[in-house]
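What the coordinates show
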Amino acid sequence: KREGGREEAVVSTQSTGDEGEANLPLQTDDPEFNELILEAERAIEEGILPERIYQGSSGSYFVRNRQHKTIGVFKPKNEEPYGHLNPKWTKWMHKMCCPCCFGRSCLIPNQGYMSEAGASVVDQHFGLNVVPKTKVVALASETFNYTAIDKAKAKSVKFATERFPDSLGKNMKAGLPPKIGSFQVFVNGFKDADCWIRRFQEEPLSPNVQKHFQNMFERLVCLDYIIRNTDRGNDNWLIKYDKDKSENPEEAVHIAAIDNGLAFPFKHPDEWRAYPYYWAWLPYASAPFSEETKDLLLHKLKDLDLVQKMVEELYNVFKHDKGFDKNLFERQCSVMRGQILNLCQALEDRKSPLQLVQMPLLRIERRHDGGPSNRGSSFIQRFQDKYPFFSTC
């Protein structure tokens, strides 16, 4: 929008094409991110449209700027794996043919976009720096998957505004309705972890680079464990490696944790599948947590006020979804608090990531006092007493 001759980035809109599925603030508190979204909107207006990503089981899109450079990945809420406008038929077949195995019973349906943004909150809060910045925004593009009614409405409004620009054109807004979803900043030069891990086995990293890579790997482990990511394979975290920069390990290798939409369960998996962390079977997971990781995280994880501040930040993100339920959110936090307690113990005892995932599962439940704050609250520790039938898938 323009005010006083100056453009401001509007990250989300008052009304969306998601039947009012979210009420969002008009802007984030991140000017750089706001500018990125504004650039994406300008590019769309100039006909540089988001491009659907054909991998995966949901509707997700590469978003480009006016120079045709990819700047982000947008995942609309209603095109998630079980969203009603998912353009990929495989999940529809899953729902129709295998209703008993439909979805993940430990997750809140169709809140993957909030999970993506929540993972970014946790990453920034603890200084892990492995998740590309992700926030909830609203975008509209004809390449997104819309209902026939939305398309017909947009076509009719466009015709009317062009036919009567001096009357209807001043009072009607043309175009398709914006979609609510997560927008993750695109990272350049990265490849699937699986690709580089095989390469590292053939061509081992130098000791200094290997040490830095191990530290970054441990940050990924801590992130996934805290948010209880139920979908971390070696194809949805990325590695960037430049052998020519081996003299400077921090520049030579980087890790990016993408695809965090299946995290923040409200209970531990306890039915058919365990949804394990596939990095636990890598050789890096057998080494004890490093002193660097312990120094970075342990004091933060043990600071109850700091953890509660993070919970409140997550609350401020998740509450904008129309389907938000305070009780379910508290259950999500109970699982997360239990994960944090286990992680603290593992760091203190210098356990390995593999030993961490073998620790007894627990929840730290907070007795309700009417608000998200810890003040005046008491907590109860409960161990998991039911486990899934399959433990390796």
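Each remark here, short or long, concerns the structure printed above.
Residues numbered from 1 in each chain as written. Predicted model: local features only at pLDDT ≥ 70, side-chain atom pairs only at ≥ 80, totals over all residues. Heavy atoms only, no water.

Our focus in this paragraph is the overall build of the protein chain. Check the secondary structure of the protein chain and you find 12 helices and 12 strands. By residue count, 51% of the 393 residues in the protein chain fall in the buried class. Carbon and sulfur atoms form 51% of the exposed surface of the protein chain, whose accessible area is close to 19800 Å². (Helix = DSSP H or I, 4+ residues; strand = E, 2+ residues; numbered from the N terminus. Buried < 20%, exposed > 50% of the residue type's maximum accessible area, 1.4 Å probe, protein only. Areas by Shrake-Rupley, 256 points an atom, 1.4 Å probe, with all protein chains shown as cover.)

Another point: the pairing of strand S11 (residues 362-366). Burial runs high along S11: 4 of the 5 residues are buried. Alignment of S11 against strand S12 (residues 379-383), held across 5 bridges, turns out to be antiparallel. Bridge pairing in S12 links Glu-365 to Ile-380. (Pairing = 2+ DSSP bridges.)

Within the element layout of this structure, Glu-218 appears in helix H7 (residues 207-227). Notably, Glu-218 is buried but unbridged: the nearest opposite-charge side chain belongs to Arg-350, and the N-O separation is 7.2 Å. (Lys, Arg positive; Asp, Glu negative; His and termini not counted. Salt bridge = Lys/Arg side-chain N within 4 Å of Asp/Glu carboxyl O.)

Another point: the nonpolar core. If you look at the biggest cluster of nonpolar residues, it comprises 66 residues, and the most contacted ones within it are Phe-217, Trp-237 and Ile-239. Those residues in contact with Ile-239 that lie beyond four places of it in its chain are Gly-189, Phe-190, Lys-191, Ala-193, Trp-196, Ile-197, Phe-200, Phe-213, Val-253, His-254 and Ile-255. Counting 12 residues, the second largest nonpolar core, distinct from the first, contains Phe-33, Ile-37, Val-137 and Phe-144. (Core = buried A, V, L, I, M, F, W, Y, C linked by side-chain atoms within 4.5 Å. Contact = heavy atoms within 4.5 Å.)

Ring pairs (aromatic) are described by centroid distance and by the angle formed between their planes. Going through the model one piece at a time under the given rule, you end up with 23 aromatic pairs. Seen from their ring centres, Phe-264 and Phe-318 are 5.5 Å apart, and the 90 degrees between their planes marks the pair as edge-to-face. In this pair, Phe-264 is assigned in the loop between strand S10 (253-257) and helix H9 (291-301) and Phe-318 in helix H10 (residues 304-318), connecting sequence segments 54 residues apart. Residue classification places Phe-264 among the buried residues on the basis of a relative accessible area of 5%. Residue class for Phe-318 comes out buried when judged on its relative accessible area of 3%. Seen from their ring centres, Tyr-277 and Trp-279 are 4.8 Å apart, and the 20 degrees between their planes marks the pair as stacked. No difference in accessibility class separates Tyr-277 from Trp-279, as the two residues are buried. (Phe/Tyr/Trp six-rings, centres within 6.5 Å; stacked < 30°, edge-to-face > 60°.)

Before going further, it helps to examine the pairing of strand S5 (residues 70-76). Within S5, 6 of the 7 residues are buried, which leaves the element mostly enclosed by the surrounding structure. The sheet contact formed by strand S4 (residues 61-64) and S5 spans 4 bridges and is antiparallel. When the bridges of S5 are listed, Tyr-61 appears paired with Phe-74. In textbook terms, the turn of a hairpin is the stretch between consecutive antiparallel strands, and for S4 and S5 this stretch comprises 5 residues, one of which, His-68, has a positive phi near 65 degrees.

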